[in-house]
Amino acid sequence: MRVEVRFYGFVRDVITNTAFSLEMPAGSNLRDLLSESIKNSSERLRDRLFTSSGDLEANVQIFVGATQSTSLEEAVADGLESSDVRIFVLSATAGG
Amino acid sequence: MFDVARLQEDVWIPTTCGLCYSVCALKVHRVNGTVVKIEGNPDSATNRGRLCPRGVSGIMALYNPDRVDVPLKRTNPEKGLHADPGWVEITWEEALETIAARLNKIREDDPRKLLLTGTVTTQDEVPFAKIFAMAFGTPNGWNSGAGNHCGTAEHLYGALLHASWSKQPDPDHCRYLLNFGTASGFGSYYCVTAMAQRIGEARVRGMRHVAIDPFLSPSAEKADEWIPIVPGTDAAFAMAMLHVLLHELNIYDAEYLKHHTNGPYLIGADGLYLRDPLKGVPLIWNPVLGTATPFDAPGITDFALEGEFNVNGSRARPAFACLKEHLTPFTPEWAETITTVPAATIRRVAQEFGQEARIGSTIVLDGKTLPYRPVAVTYFKGAQGHKNALLSCMALELLTEIVGASNVPGGLLGMNSCSLGHPDTDRPKWIPHAGRDGLMVSGYWPNPPPPYPPKEVKKPESIDLRSMIPTCPGSSGALPVVMADPERFKVPYKIEMNFHVGANYVMTFADPNAIAETFKDVFQASFALFLDESTYFSDIVVPAASYLERLSHTADWMSSNVPVGEWCYHVRQPVVAPIAQRRSVCEVLLELVERLKMREEFYALVNVVLNLTDPYRLDPGQCFSWEEIVNRRYKSLFGEARGLEWFKEHGVLKWPKKVEEVYWKPFSHARVPIYFEWFKTLGTKVEGMAQNTGIDLDTSAFQPLPEWRPCRSHKENSDGFDLYAIYYKFPMQTFSGTYDNPWLDEVCNIERFAYGVAINAETARRKGIAEGDWMEITSVSTGHTVRGRAAVTEGIHPEVIAIAGCGGHWSKYLSVASQEGKGVCFEWLMPVGLDNVDIPSLTQDLCVKVKVAKAGAA
């Protein structure tokens, strides 16, 4: 399955290409996809996306198509030949 | 004589004020294209037709001849606090091309080298600029309120206890307001005009207001009782009250503590939760069964709050018992030696507060029976702006929690913690919910993610240290320290450009010399209303449209609505076209997005951050105007029929708040901490990270229970430095941004505290100082001396002088504000450095020891 991956936000310092395609085995979930993305780009991306215990950082939001995912165990796509996954790394610039 | 025949236009236009973060609704009277009057909009439930002096004076901000009207570039390469930039006019094209070229270069190199600075009077523009910064790829931002304005630690507890950025007493039902040095409901803070009216009504209804404040401030002077206190010692007062409530009066809301806090969670000898070995969740002691059980186990009918229990061989006590024992030594007599408040006064106030809490009583609202706890504790920068901010705020907050007055009728309310949305669309919607360990997670937070659950401690990624210290909820007091010396903090880059949206950071943090050193080598592009002190460091200045000349996507935000009554969503629209070459910052941002070829990324982030829904999401295949984006924002929230045109015509959309929105706590399963267990574990991680990265940080304040700790000023007793200097917000001015307004200047000229320095009558007599004398005020911390006229009064603690607002401008381009005698710049007295910052919240301390002497005539 072809997955179009795109990163947004506070990631440009850790990855050169913020948009790329990955070929993922059927049944892959978002955790698999992010692991593959890290392999394809930079180990520094792992630290930006995950806690040391492997949970997604609270400022990271993932959308599969137009739907926001709530778990890394969700499938990258259900029964489709291709998918579009967008990962947003939000940064809390400034305060009140 | 008025010529009727010349009258071609006479309209009143609805919009919102932008002179502070309260967002009062306006009706602006425009005659023949000229704004002639600004009034409050009676259609809005927010300010109900009233305005403060600033709101009325906005007309002078619009037409002030000191406004920046054309793009400028500096010709003097030397930057300094008094180095005239040598401005020359350039075209918008040259300005934007220069800015875009610099941005492009930085983005290619390392986007983290960009800093965004903003302030509250650009509250509608900064959120959009934040999206720009996110899309650009930088984590670095700073609101200039971080020094003397921002609530910082107060906001943290807003998130942890109230699911909100800020809090207010319930104006409809509160009967006893204990106000630790804030002007909430009286002259500043959030919803200023709105809450001033409602607190006035509450006072007529019989609410007692007790002000604990070093100075008989504009809010304290309206109290039933004023209790002068040494600055930075509010926590000692609060802890002594807690001692009296728990140890002498036995007053606490057991039912609330059992069901809505972590008071029953068992704490082991290591100070951490005892956890269920299978589920990993905290245990409580079930007194009915005589066993420890997970806090969320079904069928629990009672929770032990006191006692000591044996759990699998370990001794454990409920968190409430730990708190109670912890408070044992902190008697009113102990507090008297620190605060100078007589022990009998503290004891009496505790008794009044405890009795008025009416624990056990209920009230029926909209058919629902709810706890009735008509007491509230308020505080903001005054009580929390100290070296001991985290632990001080904890003590103050626990007063409300112990008596169960949190987010129930009569008590302390989060400012719109829960929104179930407009009846037609169910939007905007946010609801506090239970997260890790059953503790409450805010449904909404202006700077995502909310502070709880805390982000993992990581090495410094941004120049505010927030990645290493995730308990800092907003603007960081560490930023100028780290920015000045990033290598020391292992930040692998230096800030090269400041994208500067209206913040006068030179005058709103601390020692301007230190701030100047930090910013002087940074390329600065400023969107400015005025050529204030911070624009002396600009390379390019472009003329920004004021709130009366611009359209906004987000006039309203979480804390701009009164916590009770009706929801109100407003429009901020231009009431006149931008004068001269002024332009809306948001429109310029969209142009920069195109020049930087960032449209796809920027639109994607706009869709996410503004939570735009189909069919209103931005498609990067199209280029959208600012008007269309605002239109889509409104439609996405309120449906197709209520787009921008609807709001332009009607000005405000309102609907009643539900009981379960305003008084959400009884309806929620989420608990809040009275024992901040995770502070302890987080502190250990911060300490470890600091050691690993070679940063010297005092992490000892990461504690689960409150403490009073002295500030630097309490320990600096050099010869002659015998007074504390404090700063307070003044209702006639907003920070440093309004001092050039001639109408406000007129008001301030007839109010002796506005530009003067309050000093106690006996202290003044002892120093040979009389009313109106010039005084020289020298800081023990910075060595700087400022001059101010004495405003002699009995209404200030004898060990304190009080300075209002952010006057004392010196920019040669501010013809009113920079005249002699227009207030004092407090920042000259305050040092910049981590030893002056509360590490867990990164709050800047705001009290300083000074020497005061009579000066010669100016």
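Residues numbered from 1 in each chain as written. Chains lettered and ligands numbered in written order. Predicted model: local features only at pLDDT ≥ 70, side-chain atom pairs only at ≥ 80, totals over all residues. Heavy atoms only, no water.

(A) Here's a closer look at the overall build of chain B. Regarding its fold elements, chain B presents 25 helices and 35 strands. Relative to the 2.2 N^0.38 estimate, which gives 29 Å for 858 residues, the radius of gyration of chain B is 26 Å and therefore close to what a compact globule would have. The principal-axis extents of the C-alpha atoms in chain B amount to approximately 80 × 70 × 60 Å. Counting only residues that meet the buried cut, chain B has 67% of its 858 residues in that class. Total accessible area on chain B is roughly 27,200 Å²; 51% of this is exposed by carbon and sulfur atoms. The centroid of the 83 positive side-chain charges in chain B is displaced by 1 Å from the centroid of its 99 negative side-chain charges. (Helix = DSSP H or I, 4+ residues; strand = E, 2+ residues; numbered from the N terminus. Rg over C-alpha atoms; globule rule 2.2 N^0.38 Å. Buried < 20%, exposed > 50% of the residue type's maximum accessible area, 1.4 Å probe, protein only. Areas by Shrake-Rupley, 256 points an atom, 1.4 Å probe, with all protein chains shown as cover. Lys, Arg positive; Asp, Glu negative; His and termini not counted. Charge placed at Lys NZ, Arg CZ, Asp CG, Glu CD.)

(B) Up close: the overall build of chain A. The helix and strand inventory of chain A stands at two helices and five strands. Projected onto the principal axes, the alpha-carbon positions of chain A cover approximately 45 × 25 × 25 Å. Looking at the 96 residues of chain A, the share that counts as buried comes to 54%. Carbon and sulfur atoms make up 44% of the accessible area of chain A, which totals about 4,200 Å². Looking at chain A, you have 9 positive and 14 negative side-chain charges, and the mean spots of the two groups are 8 Å apart.

(C) Structural context of the pattern of salt bridges. Summed over the entire model, instances satisfying the criterion amount to 70 salt bridges over all chains. Measuring nitrogen to oxygen at the nearest pair gives 2.5 Å for the salt bridge that ties A:E43 to A:R46. Here A:E43 falls in the exposed class, since its relative accessible area comes to 52%. For the salt bridge of A:D47 with B:K458, the shortest nitrogen-to-oxygen distance reads 3.5 Å. Of this pair, A:D47 sits in helix 2 (residues 44–49) while B:K458 sits in the loop between strand 22 (440–441) and helix 14 (479–484), which puts the two residues in different chains. Connected through salt bridges with shared partners, the residues A:D13, A:R44, A:R48, B:D110, B:R112 and B:E461 form a single ionic network. (Salt bridge = Lys/Arg side-chain N within 4 Å of Asp/Glu carboxyl O.)

(D) Broad picture of the sheet that holds strand 2 (residues 25–31) of chain B. Residues and elements named next belong to chain B. The three strands lie next to each other as 1-2-3, forming an open sheet whose pairing is antiparallel. Two strands lie at the open edges of the sheet, namely strand 1 (10–16) and strand 3 (34–40), each paired on one side alone. Adjacent strand axes in the sheet meet at a mean angle of 25° when their direction is disregarded. With seven bridges joining them, strand 1 and strand 2 adopt antiparallel strand pairing. Directly across from T15, in strand 2, lies its bridge partner L26. (Pairing = 2+ DSSP bridges. Axes fitted to C-alpha atoms, helices over the stretch in contact; angles between N-to-C directions.)

(E) The sheet that holds strand 7 (residues 141–143) of chain B, seen in detail. Residue and element names in this part refer to chain B. Reading across from one edge, 5-4-25-24-23-6-7 is the order of the seven strands in this open sheet, with mixed pairing throughout. Sheet topology places strand 5 (88–89) and strand 7 at the edges, where each strand pairs with a single neighbour. Alignment of strand 23 (residues 497–501) against strand 24 (residues 523–528), held across five bridges, turns out to be parallel. Paired with M497 across the two strands is F523, which belongs to strand 24.

(F) Expanded view of the packing of helix 7 (residues 234–248) of chain B against helix 11 (residues 343–356) of chain B. All names here are of chain B. Put simply, helix 7 and helix 11 touch, their axes get as near as 9 Å, and they point 60° apart. Classified by the interaxial angle, the pair formed by helix 7 and helix 11 is oblique. Between helix 7 and helix 11 lies a crossing of right-handed hand. Along its contact with helix 7, which presents F237, A240, M241, V244, L245 and E248, the element helix 11 presents I346, R347, V349, A350, F353 and G354. (Parallel < 35°, antiparallel > 145°, perpendicular 65-115°, else oblique. Left-handed = near helix turned anticlockwise from the far one by under 90°. Contact = heavy atoms within 4.5 Å.)

(G) Representation of the environment of B:P329 within the structure. All names here are of chain B. Within the secondary structure layout, P329 lies in the loop between helix 9 (319–326) and helix 10 (332–339). We classify P329 as partly exposed; its relative accessible area is 49%. Separated by 90 residues in sequence, P329 and M239 have C-alpha atoms that sit 9.7 Å apart.

(H) Spatial organisation of the packing of aromatic side chains. Per the stated rule, a full pass over the model turns up 48 aromatic pairs over all chains. With a centroid separation of 4.0 Å and an interplanar angle of 15°, the aromatic rings of B:Y634 and B:F647 are classed as stacked. Pair noted here: B:Y634 is in helix 18 (residues 626–638) and B:F647 is in helix 19 (residues 644–650), with a separation of 13 residues, a long-range link. Accessibility expressed as a relative area gives 4% for B:Y634, which makes it buried. Counting every residue linked through ring pairs, the aromatic cluster contains B:W430, B:Y444, B:W567, B:Y569, B:Y634, B:F638, B:W646, B:F647 and B:W655. Here the guanidinium or amino end of A:R48 rests over the ring plane of A:F10, the centre of that ring lying 3.7 Å away. Seen from the ring of B:W92, B:R583 lies directly overhead, with NZ or CZ sitting 4.9 Å from the centre. (Phe/Tyr/Trp six-rings, centres within 6.5 Å; stacked < 30°, edge-to-face > 60°. Lys NZ or Arg CZ within 6 Å of the ring centre and 35° of its normal.)

(I) Structural view of the pairing of strand 28 (residues 723–728) of chain B. Residue and element names in this part refer to chain B. Of all six residues that make up strand 28, six are buried, and the element is covered over most of its length. Side chains L723, A725 and Y727 of strand 28 all project onto a buried face; the interleaved residues Y724, I726 and Y728 project onto the opposite face, where all are buried too. Summarising the sheet, strand 28 and strand 35 (residues 848–854) pair through three bridges and their orientation is antiparallel. Within strand 35, the residue paired with A725 across the bridge is V848. Both strand 28 and strand 32 (residues 800–804) contribute to a ladder of five bridges, which runs parallel. Looking at the pairing, Y724 lines up with V800 of strand 32.

(J) Molecular detail of the pairing of strand 9 (residues 176–180) of chain B. All names here are of chain B. Most of strand 9 sits out of view: five of its five residues are buried. Here strand 9 shows two buried faces, one formed by Y176, L178 and F180 and the other by L177 and N179. Sheet topology places strand 9 next to strand 10 (residues 208–212); five bridges connect them, and they run parallel. In the strand pairing of strand 10, N179 is matched with A211. Handedness of the strand 9-helix 6 (residues 192–205)-strand 10 crossover: right-handed. Relative to strand 19 (residues 375–379), strand 9 runs parallel, the two being bridged by five bridges. Across the sheet, residue L177 finds its bridge partner in strand 19, namely A376. (Right-handed = clockwise from strand over helix to strand, strands pointing away.)

(K) The arrangement of the packing of helix 3 (residues 92–109) of chain B against helix 4 (residues 125–136) of chain B in detail. Residue and element names in this part refer to chain B. Running from N to C, helix 3 and helix 4 point in directions that differ by 45°, and their axes come no closer than 11 Å. What the angle tells us is that helix 3 and helix 4 run oblique. Across the interface between the two elements, L103, I106 and R107 of helix 3 pack against F132, A135 and F136 of helix 4. Its residues assigned to classes, the contact of helix 3 with helix 4 shows five nonpolar, no polar and one charged. (Nonpolar A, V, L, I, M, F, W, Y, C, P; charged D, E, K, R; others polar.)

(L) Fine view of the interface of chain A and chain B. The interface of chain A with chain B comprises 27 residues on the first partner and 36 residues on the second. Here chain A packs against chain B, burying approximately 2,900 Å² in sum over the two surfaces, 54% of which is carbon and sulfur. The interface formed by chain A and chain B holds seven salt bridges in total. In this structure, the connection of chain A to chain B is made through 11 residue pairs in polar contact (both at pLDDT 80 or more). Looking at the side of chain A that touches chain B, the elements that each hand over two or more residues are strand 1 (2–9), helix 2 and strand 3 (60–64) of chain A. (Buried area = accessible area lost by both parts, 1.4 Å probe. Polar contact = N/O pair within 3.5 Å; in protein donor to acceptor, adjacent residues only side chain to side chain.)

(M) Highlighting the side chain of B:N41. Among the secondary structure elements, B:N41 is positioned in the loop between strand 3 and helix 1 (53–56). Excluding residues that lie within four positions of it along the chain, B:N41 makes contacts with B:P14, B:A25, B:L26, B:K27, B:N47, B:R48 and B:G49.

(N) Main features of the side chain of B:E461. Mapped onto the elements, B:E461 comes out in the loop between strand 22 and helix 14. B:E461 sits in the buried class, given a relative accessible area of 11%. A polar side-chain atom of B:E461 sits 3.4 Å from a polar atom in the side chain of A:R48. Leaving out residues up to four positions away in the same chain, B:E461 has contacts with A:F10, A:D47, A:R48, B:R112, B:P139, B:S467 and B:Y493.

(O) Expanded view of helix 11 of chain B. Residue and element names in this part refer to chain B. Over its 14 residues, helix 11 runs 20 Å from end to end, which matches the ideal 20 Å to within 8%, given 1.5 Å per residue. Where helix 11 is concerned, the buried positions are A343, T345, I346, V349, A350, F353, G354 and E356. Of the surrounding elements, those touching the buried residues of helix 11 are strand 9, strand 11 (225–227), helix 7, helix 10, strand 19 and helix 13 (389–402). With its phi angle positive at about 50°, R358 sits one or two positions after the end of helix 11. (Expected span 1.5 Å × (residues − 1).)

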